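Tertiary structure, described
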There are 2 protein chains.
Amino acid sequence: MMKSLSHIDSEAIDRMEKTFRANFINSLPGFKSLNLVGTISREGKTNLAIFSQVFHLGANPALMGMIIRPDSVPRHTLTNILKTGQITLNHVLEQFVAQAHQTSARYDEEVSEFEATGLSPLFSDSFKAPYVAESVVRIGLTLRDTITIPINGTLLVVGEVVEVFVPVECLSVDGYVDIQHAGSLTVSGTDAYHRAEKLIRLSYAKPDIPLSEIPFL
Amino acid sequence: MMKSLSHIDSEAIDRMEKTFRANFINSLPGFKSLNLVGTISREGKTNLAIFSQVFHLGANPALMGMIIRPDSVPRHTLTNILKTGQITLNHVLEQFVAQAHQTSARYDEEVSEFEATGLSPLFSDSFKAPYVAESVVRIGLTLRDTITIPINGTLLVVGEVVEVFVPVECLSVDGYVDIQHAGSLTVSGTDAYHRAEKLIRLSYAKPDIPLSEIPFL
């Protein structure tokens, strides 16, 4: 616990070289969600992009948010979402982490990242956007809103959860999905991938009542 | 890989009991960042709340976003942010995970979660909002914007990174902060805490060029 800490102020951040700064700032929020985002163009061309900026927005209605920089690599993702209104999220497993990372390369519009990386598109009965067959936690979202964040021009895309696939043995009796057991990975910074290891589930906290441990599955 | 998957559709989600649904939907984005958010009232009362909805918004300017439900437990956090414009983020370590979780209890406004949980406030030279002394990755944010998300009335709070404390030995030469080495935890669902384990860092992806591994520290 007695670690020596570096203090980095605004001026030091301003002086950072571009890539150094991106690595540094991306590390600060903590561990991030890791999803392959599947979309399809109106012409039927599939697209796949890795995202670490997907987050919970609300349970009722069931909403997720994702941040997209309009000028960044996943621009075809954004175009497809706006045209078709469909998004799939697919958790990344260790077996295909390098292929997932490779989807961040700037492929031409006519190239599907599925073909380029060897990942397999999978279509559900109700969804045109492709899922990733190799993934075992898959979520279908319908576009509900887009909100521009004025300060840096990024876009918050809001999607409603309309279908979910999870391994049968990962769904707990209380609704919790054991995504560690499913093999889902997490990411830190821009390029560092991690496995998760179970530590503890804790009961709903109330003032002056001791916490108790909730067993995992 | 040949796991049997449950298919859960919109109707099944609609029928879920409230807590089951919260556990389920909160599990879907994947692993989440885990921060204690420190604020102070205009009267000087400290406040501390655990958050899993903090995310990277951009590196230049260095921005973070956080989602707050105005009617939820961290309402004092929101009031303080709006009045003072200051936020601290403090990564959670295994040593104080139960105390961190306990900050989610609905304490009265006059109770500081620091006193209630035994965590220690720490003030930097330049910041009025309290850091958590037990944490080793600490970030000071200045409020830059608040954006209401119409569909569910949640608020996106946008903060600019103005100071950072990280363990000296966790800062890589390329700017990456090794938050696993720092002991930062991650959370899934609403109450499941996890350690991270290193898997791999991968080089910047380009079409038709093989990826290489980047060593951790």
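Computed from a prediction, not measured in an experiment: that's the story for all the values here. Along every chain, residues carry numbers that run from 1 in the direction the sequence is written. Going through the entries in the order they are written, you letter the chains from A and number the ligands from 1. The predicted origin of the model limits local features to residues at a pLDDT of at least 70 and limits the giving and counting of side-chain atom pairs to 80 or more, whereas totals for whole chains, interfaces and linings rest on all residues. The side-chain values count all of the structure's non-hydrogen atoms but skip hydrogen atoms and water molecules.

**What about the packing of aromatic side chains?**
- Stacked, edge-to-face and tilted labels apply to pairs of Phe, Tyr and Trp rings (six-membered ring for Trp) whose centres lie within 6.5 Å, assigned for plane angles under 30 degrees, over 60, and everything in between, in that order. Under the counting rule described, the total for this entry stands at seven aromatic pairs over all chains.
- Centroid distance Tyr176 of chain A to Phe216 of chain A: 6.2 Å. Interplanar angle 65°. Geometry classified as edge-to-face. Taken together, the residues Tyr176 of chain A in the loop between β10 (154-167) and β11 (186-188) and Phe216 of chain A in the segment after β13 (213-214) connect sequence positions 40 residues apart.
- Phe216 of chain A sits in the buried class, given a relative accessible area of 17%.
- Relative to Tyr131 of chain B, the ring of Phe127 of chain B lies with its centre 6.0 Å away and its plane at 35°, an arrangement referred to as tilted.
- For every residue, the accessible area obtained with a 1.4 Å probe (protein chains only) is divided by the maximum for its type, and the residue is called buried under 20%, exposed over 50%, and partly exposed between those limits. The buried category is assigned to Phe127 of chain B, whose relative accessible area is 7%.
- Among the aromatic residues, those joined into a cluster by ring pairs are Phe127, Tyr131 and Phe165 of chain A.
- Between Arg138 of chain A and the ring centre of Phe165 of chain A, over which it is positioned, the NZ or CZ distance is 5.7 Å. Comment: elements are numbered from the N terminus, with helices defined as DSSP H or I runs of at least four residues and strands as E runs of at least two. Here, a charge over a ring is recorded when the distance from Lys NZ or Arg CZ to the ring centre is within 6 Å and its angle to the ring normal is within 35 degrees.

**Things to note about the pattern of salt bridges**
- Salt bridges are defined as contacts in which a side-chain nitrogen from Lys or Arg sits within 4 Å of a carboxyl oxygen from Asp or Glu. In the structure shown here, the tally under the stated rule is twelve salt bridges over all chains.
- The residue Arg201 of chain A makes a salt bridge to Asp174 of chain A at a minimum N-O spacing of 2.9 Å. Of the two residues, Arg201 of chain A sits in strand β12 (residues 192-202) while Asp174 of chain A sits in the loop between β10 and β11, which places them 27 residues apart along the sequence.
- Each of Glu94 and Arg195 of chain A together with Glu197 of chain B takes part in one network of salt bridges that share partners.

**Points about the side chain of Thr39 of chain A**
Residues and elements named next belong to chain A.
- With respect to the helices, strands and loops of the structure, Thr39 is situated in strand β2 (residues 35-40).
- Of note is the side chain of Thr39, whose polar atom sits 3.0 Å from the side chain of Asn80.
- Between two residues, a contact is recorded if the distance between any of their heavy atoms is within 4.5 Å. In contact with Thr39, not counting residues within four places along its chain, are Lys45, Thr46, Asn47, Thr77, Asn80, Ile81, Gln86, Ala129 and Pro130. Under this definition, polar contacts are N or O atom pairs within 3.5 Å; protein pairs additionally need one hydrogen-donor-capable and one acceptor-capable atom, and for neighbouring residues in sequence, both atoms have to be side-chain atoms.

**Describing the environment of Gly85 of chain B**
- With respect to the helices and strands, the residue Gly85 of chain B is situated in the loop between α3 (75-84) and β6 (86-91).
- In contact with Gly85 of chain B, not counting residues within four places along its chain, are Asn80, Leu141, Thr142 and Leu143 of chain B.

**Remarks on the relation of the copies chain A and chain B**
- What sets the superposition is a least-squares fit of C-alpha atoms, and only residues with pLDDT of at least 70 in both copies go into it. Overlaying chain A with chain B gives an RMSD of 0.0 Å, the required rotation being 180° about an axis along which the chain moves by 0.0 Å. Within this description, the copies of the chain are treated as partners about a two-fold rotation axis.
- Of all interface residues in chain A, 100% are interface residues in chain B too; the two copies therefore contact each other through one and the same surface.

**Concerning the pairing of β12 of chain A**
- Of all eleven residues in β12 of chain A, eight are buried, a share of seventy percent or more.
- Strands qualify as paired when DSSP identifies two bridges or more between them. A loop of three residues connects β11 of chain A with β12 of chain A, the two strands running antiparallel in sequence, and Gly189 of chain A in this loop sits at a positive phi of about 60°.
- The pairing of β12 of chain A with strand β12 (residues 192-202) of chain B spans nine bridges and is classified as antiparallel. Its bridge partner being in β12 of chain B, Ala196 of chain A is matched across the sheet by Ala196 of chain B.
- Both β12 of chain A and β13 of chain A contribute to a ladder of two bridges, which runs antiparallel. Note that in β13 of chain A the partner of Leu202 of chain A across the bridge is Glu213 of chain A.

**With respect to the confidence of the model for chain A**
- The predictor attaches a confidence to each residue, and that confidence, scored 0 to 100, is pLDDT. Confidence in the prediction for chain A averages 95 pLDDT; 98% of positions are at 70 or higher.
- Across the interfaces of the predicted complex, the ipTM metric reaches 0.97, alongside a pTM of 0.96.

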